[in-house]
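Notes for the structure review
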Amino acid sequence: AVLRIEELRKDLDKWNTAYNDADQPLVEDHIFDKAYAELVALEAAYPELVTPDSITQRVGGAISTGFTKVTHDSPMLSLGNAFNKEDLEAFDKRIRKLTELPIEYMCELKIDGLAVSLKYENGRFVQGATRGDGRIGEEITANLNTVKSIPRRLAQPLTIEVRGECYMPKTSFAELNRVREENGHEVFANPRNAAAGSLRQLDTKVVAERNLSTFLYSVADLGSLSATTQSGALDELDRLGLTTNHERRICQNVAEIWEFVQEFQEKRPHLDYEIDGIVIKVNSLQAQQEIGYTVKAPRWAIAYKFPA
Ligand SMILES: COc1nc2nc(N)nc(N)c2nc1C
């Protein structure tokens, strides 16, 4: 048993360091969990062999090897794509067939980060989660609590779920990779991976150093706001103290949408965050409800993707 305990401790310490420092897990979570459970059982059978430096004795109890799962109250959807002006013309034509209501569009930037859900109860931040597969995500409240742009308290005691993108600014990404290079660590391929890797960290101290930020773009339960348009909803999120991206514009037709697309294709390299497109949404919330959803995406929105 002594030999087996020594071997398990060596492996678990090595795997745990790699997971926390290098963000490159050496083994699958279930391998780590199995070995960890075996060590706990052996130490329970041979209490005289427990040493204070054993991974099972770490401050804060057991090493959490993964995040608990949460089921989203409503699925976190994806978006249909458009790749050229003709696709946008077709989208506009479809929309005008699906409702009698007058149509204008809200154009927003599509941030290249990872989608998150933030839940507030009576104005207090109570749960943060990743998108996951759209229905079930990972609970990352502690990590999101370290993100400065996420308020712990809203300006109003609202119970609301908001969704948006968590991202790493380009300047923070460059600095992070410089330091990692210096320390002989693997560098991250792009800011999106760096943000995802940072939010997967089990050690919130590491997350806090990563200078992550958010841009929120939708409200899961619109009933909680008085807005009747997407642009009004975003203005309300601003007033509540949440961060939204202000590079947004109401457009009356495809010509105006296309101007916005061109403008941000130009501006893209000068922004301090990565964007991979423009999201065009029907602005009226009533029209959105009429137009509805497909199984995986809102029918009333589309993502124009910039050419790679
Ligand atoms: C309404 O649903 C959505 N809205 C969005 N808006 C922006 N700006 N960016 C996104 N990535 C996005 N994604 C979805 C599913």
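Structure's up top.
Here's a quick rundown of the structure. Note that the structure is predicted; figures quoted are calculated from it, not measured. (Residues numbered from 1 in each chain as written. Predicted model: local features only at pLDDT ≥ 70, side-chain atom pairs only at ≥ 80, totals over all residues. Heavy atoms only, no water.)

**Things to note about the pattern of salt bridges**
Let me state the cut-off plainly: One speaks of a salt bridge when a side-chain nitrogen belonging to Lys or Arg is within 4 Å of a carboxyl oxygen belonging to Asp or Glu. Counting from the N terminus, the helices are DSSP H or I runs at least four residues long and the strands are E runs at least two residues long. Per-residue accessibility, obtained with a 1.4 Å probe over protein chains only, is compared with the maximum for each type, and a residue is labelled buried under 20%, exposed over 50%, and partly exposed between these values.
Considering all chains together, one arrives at 19 salt bridges under this definition. Between Glu 138 and Lys 69 there is a salt bridge, and its shortest N-O distance comes to 3.7 Å. With Glu 138 in strand β6 (residues 136–138) and Lys 69 in strand β1 (residues 69–71), this residue pair connects regions lying 69 residues apart in the sequence. Looking at Glu 138, the relative accessible area reads 26%, which means it is partly exposed. With a shortest N-O distance of 2.7 Å, Glu 263 and Lys 267 are connected by a salt bridge. With a gap of four residues between them, Glu 263 and Lys 267 both fall in helix α9 (residues 254–267), about one helical turn apart. Salt bridges linked by common partners bring Arg 4, Glu 7 and Glu 38 together as one network.

**Focus: the site of the ligand**
Spelled out, the test is: What makes a residue near a molecule or strand is one non-hydrogen atom of that residue sitting within 4 Å of it. Under the rule applied, a polar contact is a pair of N or O atoms within 3.5 Å (in protein, one hydrogen donor and one hydrogen acceptor; residues adjacent in sequence only if both atoms are side-chain atoms). Here the accessible surface of atoms and residues is derived via Shrake-Rupley with a 1.4 Å probe, and residues count as covered only by protein chains that are part of the display.
If you check the shell around the ligand, you find Leu 77, Leu 79, Glu 108, Leu 109, Lys 110, Glu 165, Tyr 217, Val 279, Lys 281 and Trp 300 and nothing else. Here a nitrogen atom of the ligand and a side-chain polar atom of Lys 281 are 3.0 Å apart. Considering the ligand on its own, with 370 Å² of exposed area, one finds that the protein chains cover 88% of that surface. Those elements that place two or more of their residues in the shell around the ligand are β3 (105–111) and β10 (275–282).

**What about the sheet that holds strand β7 (residues 160–167)?**
The cut-off we apply is this: Paired strands, in this sense, are two strands between which DSSP finds at least two bridges. Fitted lines through C-alpha atoms give the axes, limited to the stretch in contact for helices. The angle between two N-to-C directions lies from 0 to 180 degrees. In what follows, residue pairs with any heavy atoms lying within 4.5 Å of each other are defined as contacts.
Taking strand neighbours across the sheet as the criterion, the four strands line up as β5-β4-β7-β8 in an open arrangement whose pairing is antiparallel. Bordering the open sheet on either side are β5 (124–130) and β8 (213–219), each of which pairs with just one other strand. The mean angle between the axes of side-by-side strands here comes to 30 degrees, regardless of whether they run parallel or antiparallel. With six bridges connecting them, β7 and β8 associate as antiparallel partners. Note on β8: the bridge partner recorded for Cys 166 is Thr 214. Sheet strands touched by helix α6 (residues 191–199): β4 (114–121) and β7. Its angle to β4, the strand with the most contacts, is close to 45 degrees. Where helix α8 (residues 230–240) meets the sheet, it contacts β7 and β8, and its direction lies at approximately 135 degrees from that of β8.

**Some details on the nonpolar core**
Heads up, the condition is: The definition of a nonpolar core used throughout is a set of buried Ala, Val, Leu, Ile, Met, Phe, Trp, Tyr and Cys residues joined through side-chain atoms within 4.5 Å.
Grouped together as the largest cluster of nonpolar side chains are 34 residues, with contacts concentrated most on Leu 118, Tyr 120, Leu 144, Val 162 and Leu 237. Of all the secondary structure elements, the ones that give two or more residues to this core are β4, β7, α5 (170–182), α6, β8 and α8. In contact with Leu 237, not counting residues within four places along its chain, are Val 162, Leu 216, Val 219, Leu 225, Leu 242 and Thr 244. Of all hydrophobic cores here, the second largest spans 30 residues; its members include Phe 91, Tyr 105, Tyr 273 and Ala 301.

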